[in-house]
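# Tertiary structure, described
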Amino acid sequence: MMQSPSHITEEEFNLFHLIDRRLYTILVVNLRREPLESMKIIAFWIWLERSGFNNVVTKMLSLPYILVNELADEAVTCLINYGITGGHLLYSSSSSASHDIPLIQSLMEKEIDLQFFNQNRVLMAQGIAKIMEEVCLRGLKDIMDIAVERKKMVAAPSIVHGSEAVSADDRTMFVTFSKGYPVWEWEVREFFRRGFGECIESLYMQKVEGNEQSLFARVVFQSASTIDKILNGKGKAKFTINSKHIWVRKFIPK
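Below is a short write-up of the structure. (Residues numbered from 1 in each chain as written. Predicted model: local features only at pLDDT ≥ 70, side-chain atom pairs only at ≥ 80, totals over all residues. Heavy atoms only, no water.)

Turning our eyes to something else, we now look at the packing of aromatic side chains. This structure, assessed with the given rule, holds nine aromatic pairs. With a centroid separation of 6.0 Å and 40 degrees between ring planes, the pair formed by Trp47 and Phe116 is classed as tilted. Of the two residues, Trp47 is situated in helix H3 (residues 35-50) and Phe116 in helix H7 (residues 114-119); the sequence distance between them amounts to 69 residues. Classification of Phe116 by relative accessible area gives buried; the value is 18%. Seen in terms of ring centroids, Phe116 and Phe117 are 5.3 Å apart; in terms of plane orientation they differ by 75 degrees. Their pairing is edge-to-face. You'll find Phe116 and Phe117 in the same group, each marked buried. In textbook terms, an aromatic cluster arises when at least three aromatic residues are bridged by ring pairs, as seen for Phe44, Trp45, Trp47, Phe53, Phe116 and Phe117. A cation over a ring is seen here: Arg138 above Phe13, with NZ or CZ 4.2 Å from the ring centre. One Lys or Arg, Arg218, reaches over the ring of Phe251 and ends 5.8 Å from the middle of that ring. (Phe/Tyr/Trp six-rings, centres within 6.5 Å; stacked < 30°, edge-to-face > 60°. Helix = DSSP H or I, 4+ residues; strand = E, 2+ residues; numbered from the N terminus. Buried < 20%, exposed > 50% of the residue type's maximum accessible area, 1.4 Å probe, protein only. Lys NZ or Arg CZ within 6 Å of the ring centre and 35° of its normal.)

Rendered as structure tokens:
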């Protein structure tokens, strides 16, 4: 006979939600994301699993941190769009790209889009609130407390020695692709070369095995001003390379 939740020990509860705890740790410790918001992100993923999108958390644990962070950003966009968490959209709302969720779509085994969230907005809000209360606040609170204490620690101020060149991170863009529409490195290089000249210093495509598709790339430009020209005042922009969509934004190191 299955034990009722009230009779399950904290150790048993945490063990049952071990993968959720691992992903939450990545968000708040490794990626240093905001602890309470990250709880809502975990609740969002669990709600998707309960809605028929299988193994979401397990899949995310196999991804590089940089991709986990981008997926978390897309989750926040969904949560803000449908009033489940406060805050502002991560990207300019004037751009349709700010509402796209290409990585979430790539992660799922079946079709999902913003219309799904719109049609299920009430069920989503109720489901996430229930998961927050029954799972997250119980199973993740000890990790959240650690993360909050770490955030209270004052970091030592940076020391700048004279005039330094702009760092590579400040000259880097993050590019994401749609699953099922592979974009090759030469296509990315050619796209930026045609639009902005010989501007690329280096380009790093996601490393994949066999016939798998890269879902993201980092492009380091020779000048930070190139990023301003590409984004044209927007936080995130959408382009087409040989009839395949790509999304670009300034790289935010974690």
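Don't stop here, the text continues.
A word on the pattern of salt bridges. On inspection of all chains with the given rule, the structure shows 15 salt bridges. Of the charged contacts in the structure, one is a salt bridge between Glu37 and Arg33, with a shortest N-O distance of 3.7 Å. Since its relative accessible area comes to 22%, Glu37 is described here as partly exposed. With a closest N to O distance of 2.9 Å, Glu187 and Lys244 form a salt bridge. Placement of Glu187 in helix H10 (residues 185-196) and of Lys244 in strand E5 (residues 244-250) is noted, with a sequence separation of 57 residues between them. Judged by relative accessible area, Glu187 falls into the buried class, the value being 5%. Lys244 gets classed as buried once you look at its relative accessible area, which sits at 13%. Connected through salt bridges with shared partners, the residues Arg33, Glu37, Glu70, Asp73 and Arg249 form a single ionic network. (Salt bridge = Lys/Arg side-chain N within 4 Å of Asp/Glu carboxyl O.)

Here we come to helix H5 (residues 65-81). The first and last C-alpha atoms of H5 sit 24 Å apart over 17 residues, in line with the 24 Å expected at 1.5 Å per residue. Most of H5 sits out of view: 14 of its 17 residues are buried. Of the residues one or two after H5, Gly83 is the one with positive phi, at around 70 degrees. (Expected span 1.5 Å × (residues − 1).)

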